[in-house]
Amino acid sequence: MFKQYTIVLLLVSFFITSCKTKEKEEYIKLRGDIFGTTYSIIYENSNNYQEEVNIIFNNFNNSLSTYIPNSIVSKVNQNDSTVLVDEYFIEAFDKAKRIYKETDGFFDPTIGKLINAYGFGSGKEKKNLTQSEVDSLKNFMGFEKILLKGNKVVKPEEIEFNVNAYAKGLGVDVVGRFLESKNIKNYLVEIGGEIRARGNSPRGTLWKVAIDDPNTDGSRSQSRTIKLNNQSMATSGNYRKFKINPNGNKVVHTVNPKTGLAQENNLLSASVLIQGDCADVDAYATAFMAMGLEKTKSFLINHPELKVVLLYAKEGEILEFSN
């Protein structure tokens, strides 16, 4: 699921520093592959819930994976009028609707056809994409054109609903809520760098994670760490996944829904934290990369619940903005 596009979104990864120390016996660690990336789940409990987690992931894929032809979202995009959506789809839809409005369309889960055309999605890439082709593809997007009536989706045939931009975060939340249903208070769930942390780490302290530096040469380094106090965190960036078009211009994986263009701006990465759901900050991080630094800073004035670490370029230097 999400094998290509979620890897695109995995531009700023994390490591769990608390796991370098010897873990207490009552902490269980589960690891594996999902959504085209890896996951790590650490929680304080004597029970191993690997089987239950596998079932959650399977049900989630069958609902929201655009890589499974018979998934609910695939049937919706195939304009199957008989398909009934489930609770995963409804939550994904409701979150997208809210954040689409809040960000004035900078987060738009109907942008998949443009992502494909630029060569960063699961669909067919369009070589040497022209401005007229971009303008044409923009006619096939716009989340305001999709409605959810009960358990059925009503939309124009040409519009597609794609949750890949925040699927990892939503998957993190689903697993986290499952652990909470088992009365587990201390846990960390991480999928492809998106994190939901509650309570304390095996050290008995807040969970600590590190943010990758925005190195463009392929190297990996970390110079910033963050403690998560019952928070979720997601990061998006443009410094690793990009292409150079025939004109020598850089084409990044974040497409601006307003312009339809995949042009970089001075914002290199956006890490977003909230005492809430990881899917939310996963979506916000994507929107902020399209907005750029100044629009993001203006947006944050009206959203004090969001905490950020923004890394941006200025006069050859990498600078940080945080609130």
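Rules and cut-offs
Residues numbered from 1 in each chain as written. Predicted model: local features only at pLDDT ≥ 70, side-chain atom pairs only at ≥ 80, totals over all residues. Heavy atoms only, no water. Helix = DSSP H or I, 4+ residues; strand = E, 2+ residues; numbered from the N terminus. Buried < 20%, exposed > 50% of the residue type's maximum accessible area, 1.4 Å probe, protein only. Contact = heavy atoms within 4.5 Å. Areas by Shrake-Rupley, 256 points an atom, 1.4 Å probe, with all protein chains shown as cover. Phe/Tyr/Trp six-rings, centres within 6.5 Å; stacked < 30°, edge-to-face > 60°. Lys NZ or Arg CZ within 6 Å of the ring centre and 35° of its normal. pLDDT = per-residue confidence, 0-100. Expected span 1.5 Å × (residues − 1). Pairing = 2+ DSSP bridges. Axes fitted to C-alpha atoms, helices over the stretch in contact; angles between N-to-C directions. Polar contact = N/O pair within 3.5 Å; in protein donor to acceptor, adjacent residues only side chain to side chain. Salt bridge = Lys/Arg side-chain N within 4 Å of Asp/Glu carboxyl O.

## Brief notes about the overall build of the protein chain
On a plain count of helices and strands, the protein chain comes out with nine helices and 14 strands. Within the protein chain, the fraction of its 323 residues that count as buried is 55%. The long-range share in the protein chain, meaning contacts at least 24 apart out of those at least 6 apart in sequence, stands at 63%. Carbon and sulfur atoms make up 46% of the accessible area of the protein chain, which amounts to about 14200 Å² in all.

## Re the packing of aromatic side chains
The full count for this structure, using the stated rule, is 16 aromatic pairs. Seen from their ring centres, Y284 and F288 are 6.1 Å apart, and the 25 degrees between their planes marks the pair as stacked. With Y284 and F288 both in helix α8 (residues 278–291), this residue pair falls four residues apart, about one helical turn. The burial state of Y284 is the same as that of F288; both residues are buried. In this structure an aromatic cluster arises from ring pairing among F35, Y39, F57, F60 and Y88. The positively charged end of K113 is found above the aromatic ring belonging to F140, 4.7 Å away from the centroid.

## Overview of the confidence of the model for the protein chain
Confidence in the prediction of the protein chain, expressed as mean pLDDT, is 86, and 82% of residues score 70 or more. Long-range and interchain partners of residues 1–24, a stretch whose pLDDT sits below 50, account for 95 contacts in this model, where long-range means more than four residues apart.

## Observations regarding helix α2 (residues 50–64)
In an α-helix, one turn spans 3.6 residues; hence positions three or four apart end up facing the same way. Relative to the 21 Å expected for 15 residues at 1.5 Å per residue, α2 spans 21 Å between its end C-alpha atoms, a close match to the ideal helical length. Of the surrounding secondary structure, the elements contacted by the buried residues of α2 are β1 (27–34), β2 (37–44), α3 (72–77), α4 (87–102), α7 (167–181) and β5 (187–191).

## Describing the pairing of strand β14 (residues 317–322)
Remark: a regular strand shows side chains that alternate across the two faces of the sheet. With six bridges connecting them, strand β13 (residues 307–314) and β14 associate as antiparallel partners. By the bridge assignment, Y312 is partnered in β14 with L319. A loop of two residues connects β13 with β14, the two strands running antiparallel in sequence, and E315 in this loop sits at a positive phi of about 50 degrees.

## Focus: unusual backbone geometry
A positive phi angle, close to 55 degrees, is found at F35, a residue other than glycine. Positionally, F35 belongs in the loop between β1 and β2. Taking relative accessible area as the criterion, F35 reaches 1% and is therefore assigned buried. The phi angle at E315 is positive, at roughly 50 degrees, despite the residue not being glycine. Among the secondary structure elements, E315 is positioned in the loop between β13 and β14.

## What to know about the sheet that holds strand β12 (residues 267–274)
Strands sit in the order β1-β2-β5-β6-β9-β12-β13-β14 across an open sheet of eight strands; the sheet is antiparallel. One side of each edge strand has no neighbouring strand; the edge strands of this open sheet are β1 and β14. The average undirected angle you get between the axes of adjacent strands in this sheet is 10 degrees. Across six bridges, β12 lies against β13 in antiparallel orientation. Residue pairing in the sheet places A270 in a bridge with L310 of β13. Each of β1, β2 and β5 is contacted by α2, which is oriented at about 30 degrees to β1, the strand it contacts most. Along the sheet, helix α9 (residues 293–301) contacts β12, β13 and β14; its crossing angle with β13, the most-contacted strand, is approximately 160 degrees.

## Regarding the side chain of N77
For N77, the position within the fold is in helix α3. At a separation of 2.8 Å, a polar atom in the side chain of N77 contacts the main-chain amide nitrogen of F161. When sequence neighbours within four positions are dropped, the list of residues in contact with N77 reads K155, I159, E160 and F161.

## Topic: the side chain of K95
Relative to the elements of secondary structure, K95 occurs in helix α4. On the basis of relative accessible area, K95 is assigned to the buried category, the value being 10%. There is a polar contact of 2.6 Å between the side chain of K95 and the side chain of D280. Setting aside anything within four residues of it in sequence, one finds K95 in contact with R177, D277, A279 and D280.

## Structural notes on the pattern of salt bridges
This model, assessed by the stated rule, comprises 12 salt bridges. Of the charged contacts in the structure, one is a salt bridge between K95 and D280, with a shortest N-O distance of 2.6 Å. Here the residue K95 occupies a position in helix α4, and D280 occupies one in helix α8, the gap between them amounting to 185 residues. Like D280, K95 is buried. Close ionic contact of K258 with D104 constitutes a salt bridge, the shortest N to O distance being 3.4 Å. Taken together, the residues K258 in the loop between β11 (250–252) and β12 and D104 in the loop between α4 and α5 (112–117) connect sequence positions 154 residues apart. What makes K258 partly exposed here is its relative accessible area of 36%.

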